[in-house]
Every structure is written in C-alpha cells, then in structure tokens.
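Residue strings, one per chain:
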Amino acid sequence: MIKITDLHANVEGKEILKGINLEVRAGEIHAIMGPNGSGKSTLASVIAGRDSFEVTQGEIEFEGKNLLEMSPEDRANAGIFLSFQYPVEIPGVSMTNFMKAAVNEQRKYKGLEPIKPAEFLKMLREKAALTGMDSTLISRPVNEGFSGGEKKRNEIFQMAILDPKLAILDETDSGLDIDALRIVSEGVNKLKSPDNALILVTHYQRLLDYIVPDFVHVLYKGKIVKSAGKELALELEEKGYDWLKDMDI
Amino acid sequence: MSYKDIYDIAANLSESLFPCYINCFRDKAFDKIKNSGFPDFKQEKYKYTPLASIFEGEYLPVNPYEWKKPAESDFPEVSDAIKIYTVNGVCINNEIKSESGFVYGSLVLASRECEEIVEKHYNHLADNTDLPAALNIATALSGVFVAVAPGVETTRPLMIINIVDSDSNIFSQQHNLFVFGENSIAEIIECNIGISDASTLTNNLSEIVIAQNAQVDFTRVHDKGLLSKHVSADYIRQYEGSSFNHSNIIVGGGLVRQNTEVHLIEKHCYSNLYGLVIADEKQHVDNYTFIDHAAPECQSNELYKSILNDKAVNVFNGRILVRPDAQKTAAYQSNKNVLLNTGAKIYTKPQLEIYADDVKCSHGATVGQLNEEAMFYMQSRGISKSTAQLLLMSGFANEILDKIKNPEFKEFVLSRIEKKIRN
Ligand SMILES: Nc1ncnc2c1ncn2[C@@H]1O[C@H](COP(=O)(O)OP(=O)(O)OP(=O)(O)O)[C@@H](O)[C@H]1O
Ligand SMILES: [Mg+2]
C-alpha cells in the first residue's frame, strides 16, 4: 500500500529523517516506537504532506502513486489519514461544518454528489457511537476547549467518518483514560479490514494490547534501527532505550 | 458643484420641506464648513482618511422630489421585516405609519406630524464640530424617522434599505432620527446597497435615543460598489438601565467611514459595539468609535474584526472616555485583524482616557495571518486550500455574524461575504 524508500527530510535546514525505509501492505498493522525527538511525528507529517518539512531525498509510493508530488488534500482524498499528536483548535468553525466540508471534498474526489443533510447527520451519529465521542462536542468549534482525551477521541471520530485506507495514529493513546483507550481501540479495530492498514506511533505497550501489531519498528535519530514482531514492544517496555546508546548510529 | 452651491440649493428647498426648528441649525453648521476651508481641513480624527479624500470631487446634489423605485431583486429578503426604502437618501414612504409597535416614515413628514418628539431630539445628539456632521446638518433634506413608544415591545424587525441608484455622480445625504421610549424593545436593520456604477458620495447621520431600560438592537451592513464613498455617523444616547447592540458590517464600498459615538449618560447602561470589515482590492475602510462613560456602573464591550486582502486599508480608532463620576465602569475593547496579503494595511489605535479610579478597562489589538496549523489540519482531512481558507475566514467572522439576530438577514450577509471571499 505504501512504500517509503530512503526518505530524508529537513526542517529549518536540520536533517531529521535520515534514510527511512518502510513498507506497509494492505491488512497490516505497524507500530513505530522510539525515544522522544527521534522523528516519529516528522515521518507522519511528511507522509501527510506538511510543507514545513523539506524532503531532500527518497520516495514515497502510495498505491502506485508518487505521494510526494501530491497536495495534502489530495493525499487525504486518496486515502491517507493522520491522527495528530497535537490536534489543532479551530475557533469559529464547528465540527459539523468541518466534517461536512471534508466529506463533500472526498465525495467530489470520487465523483459523487454532496451528501444529503439527513444522511450526513445519521453518519455523524453512528460514528460518534462507534468511537464513544460525546455528541455535544460535534456542535462545538473544532477542538476548541476540548480536553486532551476529547481531542484524541475526536481524531478517531474523524477517521471513522473518512474511512481511510492508511491511517497513521500519532500517540493517539496518550491523554486517553483507561476506559477511553479501550473504547477508542475497539473502534479502531472495528474499522480495520484486510483492505486498509494502520501505522501506530506509540510509547506504550498498553495500546498494543488492544490493537495488536504485525510489526514493531524502532525509530532512532531519524532511522529505523530495529524491526521485529509484536514481542519487540514488550522487550522495549522492559528494557527501555538504553541499549540504543551502545549502537553505532 | 461646490458645497456652497449645495448649501444654497438646500437653503432654498428646506423652507418648503422642514419647519424652522430644523432649518434653524443650518446656517451655523454651514459657517463651520465655510470657515474651516473644507474639505482641505485636517482633523486628527480623520488622520488616515483625510476629509479631502472623501469630499473632493464633483458631485451633484439629489433632487428630493425625484426618484424611481429600484427592482426588489436587489434587496435582501427578510420576510417578516417592516421595510423602509430610501433612494439616494430620499425616504420614499410618503406617510407616517404605525405598525407592529413602530411609528415610522420620512423625517420630512414626521417633522410636522410628530413635531413634539422630533423637535425634542433633532440635532441634540449630533456632534456639530465634526465637519461631515456639520455638512449634513446644514444641507441634508431627507431622512428616516423611527419611534417606539414607551413600554412597547415591537414584534418584527424594522429594516431600512438605503439604495444609491444614479447614472451621475451624486451626493446624497440623510439625517435619521430614532427614538426608543422607556422599556421598549426593538430591532433595526439597516442595509446600504448601491446599484450604480457611477461615483457616488453619501453622508448620512443618525441620532439614536434610547430611553430608560429600553433594549435596542441595531445592525448595519454596507455593501456598495468600489466607486462609492460613504460616510456615516451614529450618535447614540443611552439612559438608565438601557441596553444597546450595534453591529456594523462592512463588506463593500470604495471608501467607508463610520463614526459611532455612544454616550452612556445614566447608570447601568449596557452597550455592545461589534464591527466586521471584509475588504479587498483598493477598499478603504475607517471605523471611529467613541464610547463616553459619563455615568457610573455602565458596561461597554467592543469587538471589531477585519479580514483584508489585496491593497485594502482598514483603520480602527477606538476611543473610550471614562469621566470622573463614572465609577465602577467596565469597558472592554478588542480589535482583531487578519491580513491575507502583504499589500493590505491596518492602522489600529485604542485611545483610553480614564479619569475614574474604580474601573475595569481592557483593550487589545491583534494582526495576523490565517493560522497555518489550522490550514494544514483541514487540508489533511481532504479539504482544499480555498475551502479551508473560506472556513477559517467565516470562522473568524462568525463571532460577529452570530450577533445578528434575524436568521434571514444573517443568511443574506453570509452569502454576500462568501461571494466576496470566493472571488
Ligand atoms: N518545526 C520544527 N522546527 C525545528 N525543529 C523541529 C520542528 N519540528 C520537529 N523538530 C525537531 O525534529 C526532531 C524530531 O521531532 P518529532 O516531533 O518528529 O519527534 P517524535 O519522535 O515525534 O518525538 P515525541 O516522541 O516526543 O513525540 C525533534 O528534535 C524536534 O525538535
Ligand atoms: Mg511525536
């Protein structure tokens, strides 16, 4: 589904990603772990198309398309979704208007008519129930005054509405309470199918207890330094990242 | 035609139109104009919009006996509103009507039929030292009169539709008078539209009296063409316990200068001034507001916002005076601006003069661009850049648009703004 080859990216002249190679196939779940500041969110942003990061080398292929040539909105409409580590507040723009605009742009991309109001409301209700999103939040401005956990839940609510092919969840677990983590994870699992794929960026095993990864990668100083099966996460939980310091990177 | 000619014509016609208690102000007001060397006179209040930039040029006065009613399709649809039309300043309602709690009609008729109330208030609020106001007092020959009797809660909004429609460069003026009695409740909508491609100049003045415990909502929209120049002054006087909302929305117009002066002369008044400017191309908009806290325990809130594109210029000058007796005043002012383009300019100037010691006052101004984080967030959800911008701009404007009570009128204003932003 997505193939990242030798990806290098800079921010303000400083190289953050230093040659990432990663392939995710349909149906797979990949976890990316690694110490703070290692470049996990940068990788997620580059995939989503944030232009403050400059790609200096490498390629990203998404379903046969050259992703790096596409605008962020085209990437989204092609099926990429990023759940932000820090969701953005948008004063004055209601969740409803925001999601309606997003859904209609997606439909336009697919050559469909704008969604009918009744159908849209039904969809909002269903997806709110699926992700445990408090329906009063839907009438409020996007993320404004939402609690940390509410913001994270809102990301998954949006994901449920947009039904992406590849979702990248950047620390969606942090900020969620124990029950919310379970509900949100169950929602994510229900959305999972053999046709879509997930990249989970996380620091903790507890998310991976709910959403079980096929692969775990360790990102360190802008490179994937280790990849293995789900047992790697348990190992990291136990040992931390000290062992990385002994590696020659 | 010079302003002297305009004055001479007005002096001639005014005899047959108005009683002398109105005409008696004309000479003195015109002396002020004459002696100042108008329009070249420089007034600090008009620093960024010199009077000459407004009043220079060749304009013909409007003949108050001549007008044609424009097509209704040009007007906003507010189905439940009472409507008053003016064409080039001339009020075309030829009777004084009484409807849904309002008494309204042309000032010319009201000056005789409602003599007591007009005489009591006409030119009692306007600042005769302000030159555009003085010109209006000296030469205006028409206007709108609206009154609500004490204790009356009006049941529908009253909408004034001011249309400028002329093939020639005309100079139109109106002098409006609004009197809201004690404990009355009313909603006024004023819509200024131009359906003319000629260069037009408008110099309107409104006096608004709000008696004890009255609650008044006043929304004004300016949406004229790029060749129009429009000066408008509102003089508001509030009595004890009254509350007033003033929403001033400027979408179109080549040059718009709005003076809004609120005098809180008795205690427990509550006043909200909201403004929204959406300007592009070479539009020049200048808002001068003055809130005079002359009595204790009053509160004023002021929020002015603008979105500027291209080479638009926006001026905000917010003066607040808290007089020595006005203890326990609360006065809040905020001015927020978004510049979409490096060619656009904003001049913002708060002016707080506080002579009482037990007061709560705050002011702040911000100038920024559209939030890039928010733009990327929306784009990452598949929303195109232009739609994302539109959403952000409407989001920014909504804080003001939400103050418009009438849903149909709000829809009209929104559609005008959207059309403008889309272009
Ligand atoms: N806009 C920016 N300007 C300067 N430095 C940046 C910028 N964005 C990211 N960086 C730097 O890039 C490095 C990688 O950041 P990134 O957010 O990708 O880390 P991360 O792996 O997601 O960390 P965490 O686990 O703390 O979320 C950090 O050193 C960070 O300071
Ligand atoms: Mg991160």
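Scroll up for the structure.
Definitions and cut-offs
Residues numbered from 1 in each chain as written. Chains lettered and ligands numbered in written order. Predicted model: local features only at pLDDT ≥ 70, side-chain atom pairs only at ≥ 80, totals over all residues. Heavy atoms only, no water. Near = heavy atom within 4 Å. Polar contact = N/O pair within 3.5 Å; in protein donor to acceptor, adjacent residues only side chain to side chain. Areas by Shrake-Rupley, 256 points an atom, 1.4 Å probe, with all protein chains shown as cover. Helix = DSSP H or I, 4+ residues; strand = E, 2+ residues; numbered from the N terminus. Nonpolar A, V, L, I, M, F, W, Y, C, P; charged D, E, K, R; others polar. Donors = N, O, S within 2.8 Å, 3.2 Å for Na, K, Ca; no water. Salt bridge = Lys/Arg side-chain N within 4 Å of Asp/Glu carboxyl O. Buried < 20%, exposed > 50% of the residue type's maximum accessible area, 1.4 Å probe, protein only. Phe/Tyr/Trp six-rings, centres within 6.5 Å; stacked < 30°, edge-to-face > 60°.

### Some remarks on the site of ligand 1
All names here are of chain A. Looking at ligand 1, there are 15 residues lining it, with G37, K40, S41, T42 and H203 nearest. At 3.0 Å from an oxygen atom of ligand 1 is found a side-chain nitrogen or oxygen belonging to N36. Contact with the protein chains hides 65% of the accessible area of ligand 1, taken as 640 Å² for the molecule alone. Elements that contribute at least two residues to the shell around ligand 1 include exactly β2 (14-24) and α1 (40-48). A breakdown of the residues in the shell around ligand 1 according to their chemical character gives three nonpolar, eight polar and four charged.

### A word on the coordination of the magnesium ion (ligand 2)
At 2.0 to 2.1 Å from the magnesium ion (ligand 2) lie its protein donor atoms, namely S41(A) (OG) and Q85(A) (OE1). Note that S41(A) is positioned in helix α1 and Q85(A) in the loop between β6 (80-83) and β7 (90-94), a separation of 44 residues in sequence.

### Description of the pattern of salt bridges
All names here are of chain B. Counting across every chain of the model gives 27 salt bridges over all chains. In this structure, the salt-bridge partner of E99 is R156, at a minimum N-O distance of 3.2 Å. With a gap of 57 residues between them, E99 in strand β4 (residues 97-99) and R156 in the loop between β6 (144-148) and β7 (158-164) connect regions that are remote in the sequence. Look at E99 and you get partly exposed, because its relative accessible area is 27%. For R156, a relative accessible area of 27% corresponds to the partly exposed category. For E399, the salt bridge is made with K305, and the minimal N-O distance between the two is 2.5 Å.

### Points about the packing of aromatic side chains
Residue and element names in this part refer to chain B. Going through the model one piece at a time under the given rule, you end up with 14 aromatic pairs over all chains. With centroids separated by 5.8 Å and ring planes inclined at 90°, the aromatic side chains of Y3 and F171 adopt a geometry described as edge-to-face. Linking Y3 in helix α1 (residues 3-17) with F171 in strand β8 (residues 170-180), this pair joins segments that are 168 residues apart in sequence. When its relative accessible area of 12% is taken as the criterion, Y3 is described as buried.

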